[in-house]
Every structure is written in structure tokens, then in C-alpha cells.
Amino acid sequence: DRQVVPEMVQLQLEKRGLVQRQSADSSLDVRILEVQEERSLALAIVLLPDLAPELAVENAVRFEPEPFTLPLPQDRLIVWRERQRLAMTISRGRDPIHFQVLSAEEVSDESVNEIRCILLQLESQHMINQLLGLAVWGDFTDAEVELLQQGLGLKPFRESLPPPSLPATPSKLLPPQVSIL
């Protein structure tokens, strides 16, 4: 039953210590990406409690995670820079199945290993399809792209970061700092 999936996801996140019981509804959004017989693939988006002050905009009526605003290529690992740090998302079909801002600002052996660990975990959980390639959006040097290609074993293609557009289905996310304004 699709209606109980968000509650089940909330309980699993609490069990794993990723959210607290008293967390506001606005800090979690659950999207059902796929339904197969007795199983559902749900994507849980959790906002961390700390929000940069410049993001608490008084007249914000909608808060959308960036990967949902971008036209994602099918079954790819996508890497770009977000506020000077590396960001990545992995698409399953054209839906983002995982996204995060990495700890590094530059492509290095450490950042490639961080991405590899994420991929291994998602592969072991059968969460991602066979990746068709690596999309590198924005300004990356040839050496950075080559390091990504060799470290991840994916064929890269480069292009500029596409312009965002709001998705048809709005998220249920609204950071607490914004909701109280």
C-alpha cells in the first residue's frame, strides 16, 4: 500500500539513527520511484537540521533539492561543483537515486574513493542499474576528468551545468528555519 510507505521509511530512518522521532515533517520527503509486485523503491530526502543562513529566505514557498530541478541523463553518475565543493548524483532511469555534496573541493584520489564507496554500497543493495557513463557538468580540468574516468571506470562526457527548472511534483521539504519565518 503506497500510503504507508512514507511512515515505513520514517521508521527505518529512525531505527538507523538518521532522523529523530521528534523531527519536523518538513525535514523528510519520501518519493516512490518504482513499484514491483510486493516491493517499492522509495527515495528518502532528509534535510540536516543546520541550514546555512543565506538559504533561509523569508518569501520561500518551495524548497527543492537540486537534482530534482536538473534534467538528469539516464543511468549515469553526474558530478559538478556546488558552492565550491564537489557534488554528485546517481540516476536510476532519469530519477535521482542518490545525491550528496562531497567533502572535497577538488577531484583527487580521496574524492574518487568517496564516490566509489557510495557506488559500491548502492550496487550491493541493488539500488542502481548498470551505469552508462559519467556526466561531468561545469569547469573541470582534463586531468580531473581523467582521474574520475580511470578511478571509476566510466566513460565521461562533459557539458555545462544545465539550467534548473521546478519539477512538476513539489517536494514536501521546508527547512524549519524557513517555515517559522
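Our subject is the structure listed above.
Model, not experiment: these values are computed from the prediction. (Residues numbered from 1 in each chain as written. Predicted model: local features only at pLDDT ≥ 70, side-chain atom pairs only at ≥ 80, totals over all residues. Heavy atoms only, no water.)

The strands making up a sheet associate through hydrogen bonds between their backbones, and the pairing can be parallel or antiparallel. Read from one edge to the other, the open sheet built from 5 strands follows the order 5-4-3-6-7, with strand pairing classed as mixed. Bordering the open sheet on either side are strand 5 (95-101) and strand 7 (156-159), each of which pairs with just one other strand. In this sheet, neighbouring strand axes are inclined to one another by 20 degrees on average, regardless of whether the strands run parallel or antiparallel. Contacts between helix 2 (residues 109-124) and the sheet are confined to strand 3 (76-82), strand 4 (85-92) and strand 5, with strand 4 contributing the most and set at about 25 degrees to the helix. (Pairing = 2+ DSSP bridges. Helix = DSSP H or I, 4+ residues; strand = E, 2+ residues; numbered from the N terminus. Axes fitted to C-alpha atoms, helices over the stretch in contact; angles between N-to-C directions. Contact = heavy atoms within 4.5 Å.)

For the rest of this paragraph, the subject is the packing of aromatic side chains. Going through the model one piece at a time under the given rule, you end up with 2 aromatic pairs. Plain terms: the ring middles of Phe68 and Phe99 are 6.0 Å apart, the flat faces sit at 90 degrees to each other, and that makes the pair edge-to-face. Here Phe99 lies in strand 5 and Phe68 lies in the loop between strand 2 (39-46) and strand 3, a separation of 31 residues in the sequence. Residue class for Phe99 comes out partly exposed when judged on its relative accessible area of 24%. Aromatic side chains Trp80 and Trp137 sit 5.9 Å apart centroid to centroid with 40 degrees between the ring planes, which places their arrangement in the tilted category. Residue Trp80 is found in strand 3, and its partner Trp137 is found in strand 6 (residues 133-137); the two are separated by 57 residues along the sequence. Residue Trp80 shares its accessibility class with Trp137, and that shared class is buried. Its end group placed over the ring of Phe68, Arg31 keeps NZ or CZ at 3.8 Å from the ring centre. Over the ring of Phe140 we find Arg81; its NZ or CZ atom is 4.3 Å from the centre of that ring. (Phe/Tyr/Trp six-rings, centres within 6.5 Å; stacked < 30°, edge-to-face > 60°. Buried < 20%, exposed > 50% of the residue type's maximum accessible area, 1.4 Å probe, protein only. Lys NZ or Arg CZ within 6 Å of the ring centre and 35° of its normal.)

A few words on the nonpolar core. Within the largest apolar cluster, 24 residues are counted, with the highest numbers of intra-cluster contacts made by Leu77, Ile90 and Ile115. Put simply, the parts of the chain that give this core at least two residues each are strand 3, strand 4, helix 2, strand 6 and helix 3 (142-152). The element best represented in this core is helix 2, accounting for 5 residues. The contacts of Ile90, once residues within four sequence positions are left out, are Arg76, Leu77, Asp95, Pro96, Ile97, His98, Ile118, Leu119, Leu122, Ile128 and Leu131. Within the second largest apolar cluster, 7 residues are counted, among which are Ile78, Trp80, Ala87 and Trp137. (Core = buried A, V, L, I, M, F, W, Y, C linked by side-chain atoms within 4.5 Å.)

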